[in-house]
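# Remarks on the overall topology
Take a look at the letters that make up each chain.
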Amino acid sequence: MNSYSTISIVTVPELRDLAESVHILMTKEQERREHAGEEKTFKVRKNIILAEIEQFADHESMAEIKTSLRRTEVFFFFATPPGEPEIGKARLSAYLNALQGASTSGVHLVAPYLIGCRQDRRSKPRVSVTTKEIAKIIQSYGCVQSLFTFDVHAKQIELAYDIAFHDLSGQVLLAGHSREVPGWDATSVGIVSPDAGAATRADKFEAKTGYELKGFVHKKRKSPNKINRGRYVGDPIAGLHIILPDDLGDTLGTMAHAAEILLEEGALSVNAYLTHWLGSPYPVNNHPELLTAEAKVRKAKLRIVTTNSIYRSPQYLKDNADIITVVPCDPMLAKAMIASLTPAESVSDLSK
């Protein structure tokens, strides 16, 4: 019997590019270890495998994986269809149901952006807690042994899971990017928390970069996505490039508001460093009067630096190249998957 694990990488169409990149990185590391005479701990199958949804005339659907996965460790790359998270929840269950009957050695869910993470507590009576709902879906299938994701919205989300939960740090990748920007150093860059609630993340970003945390933007929210005039609280920032770190951005109301205030305070530039960029890549249905997130970014003279945890089409990235810079999360994800298969290696060390 082989002492190593045979790896099958299975992906939904939305993450095909990311899965192929990780597959290449894992294959290269496998070859490097073989040439170096190191002990073999995994063997990657030659090609990735596409998981597909077949839809019938009545719109009922069926998940199907057309390649045998018998006795292989499966890393299943999952994301919801673009702009359709509720459909994604149903498809997640269908895909895992298909994998449950595939006679695998185990399934490891790879969801770079884990849906439902923003609804992690019951803030008022009679509301759903989507984080728990997603956890129940995943853990109802005994084949799932672990989950890989990036920067969940709140650390307590891990408590909803009884499987190995690998919360990788996209902010480590973004911090590395910030240290390599030409002309940026400890004297020319400052960190500001976009609001008081994000101060802990800003503290951690300071520790990872060496750039000084200067202060925060105080805001008053009238209602969801509507903010009264705020103010900057902290040390002087005139003449500095400012970083606003956070885990995700969607409507960008808070970030755009903060950018306008900080530029008035004399900042040279304002840059939102976001692990997950939701934005508004699809039409704002039934609300033509609303600005898209991208329009808000341009109006506020803000720039977005983000990972590729959420798929964006090449055309979208081309159209928004003036405001969005993408930092690949593929290398960290590949290293984490390899570390999980290698007894002497640690997944958590990658996020330090």
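Please read these numbers as outputs of a predicted model, since none were measured by experiment.

## Section: the packing of helix α1 (residues 16-35) against helix α9 (residues 330-341)
- α9 packs onto α1 with a crossing angle of 55° between their chain directions and a minimal axis gap of 9 Å. One element, α1, and the other, α9, form an angle in the oblique class. Classified by chirality, the crossing of α9 by α1 is right-handed. Contacts between α1 and α9 involve L18, S21, V22, L25, M26, E29 and R33 from the former and D330, P331, L333, A334, M337, I338 and L341 from the latter.
- For the contact of α1 with α9, the class distribution of residues is ten nonpolar, one polar and three charged.

## Notes on the environment of A154
- Structurally, A154 can be placed in the loop between β7 (144-150) and β8 (164-168).
- The exposure class assigned to A154 is buried, which follows from its relative accessible area of 12%.
- Residues A154 and K296, 142 residues apart in the sequence, show an inter-C-alpha distance of 26 Å.

## Remarks on the nonpolar core
- In this structure, M26, F76, F77, L114, I138, Y161 and L333 are the most contacted members of the largest nonpolar core, which totals 77 residues.
- Apart from the residues within four sequence positions on either side, L333 is in contact with L18, V22, F77, V110, F148, F150 and L168.

## Side note on the pattern of salt bridges
- Summed over the entire model, instances satisfying the criterion amount to 15 salt bridges.
- As a salt-bridge pair, R32 and E38 come within 3.2 Å of each other at their nearest N and O atoms.
- On the basis of relative accessible area, R32 is assigned to the partly exposed category, the value being 39%.
- Residue E86 pairs with K89 through a salt bridge whose shortest N-O separation is 2.9 Å. Of this pair, E86 and K89 both sit in helix α2 (residues 85-100), three residues apart, which is roughly one turn of the helix.
- For E86, a relative accessible area of 56% puts it in the exposed group.
- Classification of K89 as buried rests on a relative accessible area of 12%.
- Salt bridges linked by common partners bring E29, R32, R33, E38 and E345 together as one network.

Conventions we followed
Residues numbered from 1 in each chain as written. Predicted model: local features only at pLDDT ≥ 70, side-chain atom pairs only at ≥ 80, totals over all residues. Heavy atoms only, no water. Axes fitted to C-alpha atoms, helices over the stretch in contact; angles between N-to-C directions. Helix = DSSP H or I, 4+ residues; strand = E, 2+ residues; numbered from the N terminus. Parallel < 35°, antiparallel > 145°, perpendicular 65-115°, else oblique. Left-handed = near helix turned anticlockwise from the far one by under 90°. Contact = heavy atoms within 4.5 Å. Nonpolar A, V, L, I, M, F, W, Y, C, P; charged D, E, K, R; others polar. Buried < 20%, exposed > 50% of the residue type's maximum accessible area, 1.4 Å probe, protein only. Core = buried A, V, L, I, M, F, W, Y, C linked by side-chain atoms within 4.5 Å. Salt bridge = Lys/Arg side-chain N within 4 Å of Asp/Glu carboxyl O.

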